[in-house]
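# Commentary on secondary and tertiary structure
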Amino acid sequence: TLPVSSPVLKMFVTRKVLIGALLILFCFGALIYRTQFSSSVLNNIQGGEDIVIEISSDSDVSKKGVTEETTPNQPPDTESDAESNAEPAENVQVVEKPTVDLALSSPQPSSTVQPRGHHAAVPDQTKKIGDSWDHVKDTDQILKFVRSQCEKYDMIKAEPGEVRKPRMLIVAKNWKENMLLYSSNPKTGSTSFKKWFTRIQGDPRPYSEMSGVHSMGRYGNLNQAWELAESKSSDPSSVTLGDVIKPFYSVGFMRNPLSRLISGFRDKILRRTNDGIKPEMLRVNPGLTGESSDPEKFAAFAEGVMKGKINNFHFTPQWDKMKICDFPYDMIAQTETTQQQIKEVQEHTNTTQFEFPGSRAEVGADSVATVHLAHEFYDKVKPDIMEQIYQYYKWDFVLMGYTKFSNPNFPYLDFDQDFDKEFGLLGEEDPTNTKNEPPG
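Here, residues in each chain are numbered from 1, in the same order as that chain's written sequence. Given that the model is predicted, a residue must reach a pLDDT of at least 70 before its local features are reported, and side-chain atom pairs must reach 80 or more before they are shown or counted; all residues, however, enter totals for whole chains, interfaces and linings. Remark: hydrogens and water are excluded; side-chain values derive from all non-hydrogen atoms of the structure.

The next point concerns the state of the cysteines. Disulfides are defined in this document as cysteine sulfur pairs within 2.5 Å. The final tally for this structure, using the stated rule, is one disulfide. Note that Cys150 is cross-linked by a disulfide to Cys325, the S-S spacing being 2.0 Å. Around the S-S axis, the bridge from Cys150 to Cys325 shows a dihedral of about -75° and counts as left-handed. Taken as a pair, Cys150 in helix 4 (residues 139-152) and Cys325 in the loop between helix 12 (319-322) and strand 6 (331-334) lie far apart in primary sequence, 175 residues in all. For Cys150, a relative accessible area of 1% puts it in the buried group. Cys325 gets classed as buried once you look at its relative accessible area, which sits at 3%. Helical segments are the DSSP runs of H or I of at least four residues, strand segments are the runs of E of at least two, and each set is numbered from the N terminus. Buried means the residue's accessible area, taken with a 1.4 Å probe over protein chains only, is under 20% of the maximum for its type, while exposed means over 50%, and partly exposed covers the values in between.

Here we come to the nonpolar core. To qualify as a nonpolar core, a set must consist of buried Ala, Val, Leu, Ile, Met, Phe, Trp, Tyr and Cys residues joined through side-chain atoms within 4.5 Å. Core analysis: the largest hydrophobic core is formed by 73 residues, its most contacted members being Phe298, Phe301, Ile324, Tyr378 and Ile389. Of all the elements, helix 11 (residues 294-306) adds the most residues to this core, at seven residues. We call two residues contacting when some pair of their heavy atoms lies within 4.5 Å. If we ignore the near neighbours within four places in the chain, the residues touching Tyr378 are Pro257, Leu258, Leu261, Ile262, Phe298, Met386, Ile389 and Phe405. Counting 22 residues, the second-largest nonpolar core is a separate cluster that includes Tyr182, Phe253, Ala333 and Phe354.

Let's shift gears to the pairing of strand 5 (residues 249-254). Burial of strand 5 is extensive: six of the six residues sit out of reach of the surface. Of the two faces of strand 5, both are covered, the one formed by Tyr249, Val251 and Phe253 as well as the one formed by Ser250, Gly252 and Met254. Think of it this way: DSSP has to see at least two bridges between two strands before they count as a pair. Two elements, strand 4 (residues 180-183) and strand 5, share four bridges in a ladder whose sense is parallel. Within strand 5, the residue paired with Ser183 across the bridge is Gly252.

What follows concerns helix 11. Take the residue count of a helix, subtract one, and multiply by 1.5 Å to get its expected span. In this model, helix 11 (13 residues) spans 18 Å end to end at C-alpha, consistent with the 18 Å of a helix rising 1.5 Å per residue. Of all 13 residues making up helix 11, 12 are buried, and the element is well covered by its neighbours. Among the residues of helix 11, Asp294, Pro295, Lys297, Phe298, Ala299, Ala300, Phe301, Ala302, Glu303, Gly304, Val305 and Met306 are the ones counted as buried. On its buried face, helix 11 is in contact with helix 9 (257-270), helix 10 (279-284), helix 14 (374-378) and helix 15 (383-392). Residue Gly308 follows helix 11 closely and has a positive phi angle near 75°.

So, about the side chain of Thr370. Inspection of the secondary structure assignment puts Thr370 in the loop between helix 13 (338-349) and helix 14. Since its relative accessible area comes to 10%, Thr370 is described here as buried. Pairing of N or O atoms within 3.5 Å defines a polar contact, subject to two protein rules: one partner must be a possible hydrogen donor and the other a possible acceptor, and residues neighboring in sequence count only if both atoms are side-chain atoms. A polar contact is formed between the side chain of Thr370 and the side chain of Arg266, at a distance of 2.9 Å. Setting aside anything within four residues of it in sequence, one finds Thr370 in contact with Arg255, Ser259, Ile262, Ser263 and Arg266.

This next bit is on unusual backbone geometry. In the segment running from Phe410 into Pro411, the intervening peptide bond is cis, with an omega of 10°. Among the secondary structure elements, Pro411 is positioned in the loop between helix 16 (394-400) and helix 17 (419-423). Despite not being glycine, Asp154 shows a phi value in the positive range, around 55°. With respect to the secondary-structure elements, Asp154 resides in the loop between helix 4 and strand 3 (169-170).

Now for the environment of Val251. Examined against the element boundaries, Val251 turns out to sit in strand 5. The exposure class of Val251 is buried, given its relative accessible area of 0%. A sequence separation of 94 residues divides Val251 from Val345, and the C-alpha atoms of the two residues are 7.9 Å apart.

This next bit is on the side chain of Asn256. Within the element layout of this structure, Asn256 appears in the loop between strand 5 and helix 9. Reaching out from Asn256, the side chain makes a polar contact with the backbone oxygen of Thr403 at a distance of 3.0 Å. Look past the residues within four positions of Asn256 in its chain and what remains in contact with it is Glu336, Phe397, Tyr402, Thr403, Phe410 and Pro411.

Attention now moves to the packing of aromatic side chains. Any Phe, Tyr or Trp ring, taking Trp's six-membered ring, that has another such ring centre within 6.5 Å forms a pair; planes under 30 degrees apart are called stacked, those over 60 apart edge-to-face, and the others tilted. All chains considered together, the criterion is met by 25 aromatic pairs. Measuring from centroid to centroid gives 5.4 Å for Phe193 and Trp196, while their planes differ by 90°, and the two rings are edge-to-face. With Phe193 and Trp196 both in helix 6 (residues 190-200) and three residues apart, the pair spans about one turn of that helix. Accessibility assignment for this pair places Phe193 and Trp196 in one class, buried. Note on Phe197 and Tyr219: the rings are 6.3 Å apart at their centroids and 70° apart in plane angle, and the pair reads as edge-to-face.

The strands making up a sheet associate through hydrogen bonds between their backbones, and the pairing can be parallel or antiparallel. Pairing in this open sheet of four strands is mixed, and the strands run 3-4-5-6 from one edge to the other. With partners counted over all chains shown, the strands left at the sheet margins are strand 3 and strand 6, one partner each. Pairing between strand 5 and strand 6: four bridges, direction parallel. Across the sheet, residue Gly252 finds its bridge partner in strand 6, namely Ile332. To get an axis, a line is fitted to the C-alpha atoms, and for a helix only the part in contact is used. The angle between two axes follows their N-to-C directions and goes from 0 to 180 degrees. Each of strand 3, strand 4 and strand 5 is contacted by helix 6, which is oriented at about 155° to strand 4, the strand it contacts most.

Structure, rendered in structure tokens:
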């Protein structure tokens, strides 16, 4: 045995004492932290600040209890959804928060998110855009109006029983689970809709990280639905597009042509050039520079479109590419009230669990919603060009019920306006020209 005075024994004992002391200090510190943390939480609940959980007014509170509001860029959180089934705790203040409204989502009017030499007009409160919640139309009301306008002006070109295909029809890869058919119309929120389809197909990424959504190869194949219809038919050779789409819930979106043209300008010109100018615009206004205001650039752009110098399918009329007179839609919605009408789509297609992405302004990608730029931008457009714009897009206005600036309901639908007075004697014109060529 080692003597008590042995250096080896002393070292061994000292080391054990140090380790023991460290363990005691660690446990004591953890106990203090736990006590303080518990006291803080208890104070918040009992005597301190109330816990505030914001929920969307569109959430189904009756079924889920308290549903935490998620941002448009986040995928649904299954764990938080499960927890939300519990009853709200005592002293928890539940605050209802309306869905972000397109007409109220940003200041108005103002310039583009990254203005170049902008000289923004002083906001004119007399031209303020109305609240979209006051302009939501019933789906059946819209469909009946469109049908009556198509009949009144002899715009139905399909034969009885015939269905004419819109420019682009899209189904999700898992279309059998939702039976949703989307007719894509550029500059009406189609990017948001395709991102939503991507989420429905199982992509959990935040919407902000999704790209390449306009590639048709990312979605389902409508030919599969065609083959299914043929397999169920006693005469496969007689199956038509109408037979194929009958089981689907068919949706298309239209937009006021005036705000849609601005959207095209912001997307295809301002965001894709260094100075916000295309060479074709300089042919209209040689005096344009990078320091010119966005409304001045838009005026040159709009004139270029009307004179046929700037051509792009994003700027052409919608009614024909959408075949709104010849395709049996279950819903033709107005882009201006997407956040309200998308709820109906979700309910009809078993997709309520997939949150629909917000607009660029709603998610902060733009400092101002396009609709709020309308008056400011069109104030710079020449009167004769303005009249050409109305004539070029007249069937979008007339068949869907969209409004001019002079209508207090702009940019929403108004079924009671006098279309013959607003757009000329339409009944005397030949509406068979569907080439969608600008007046110039």
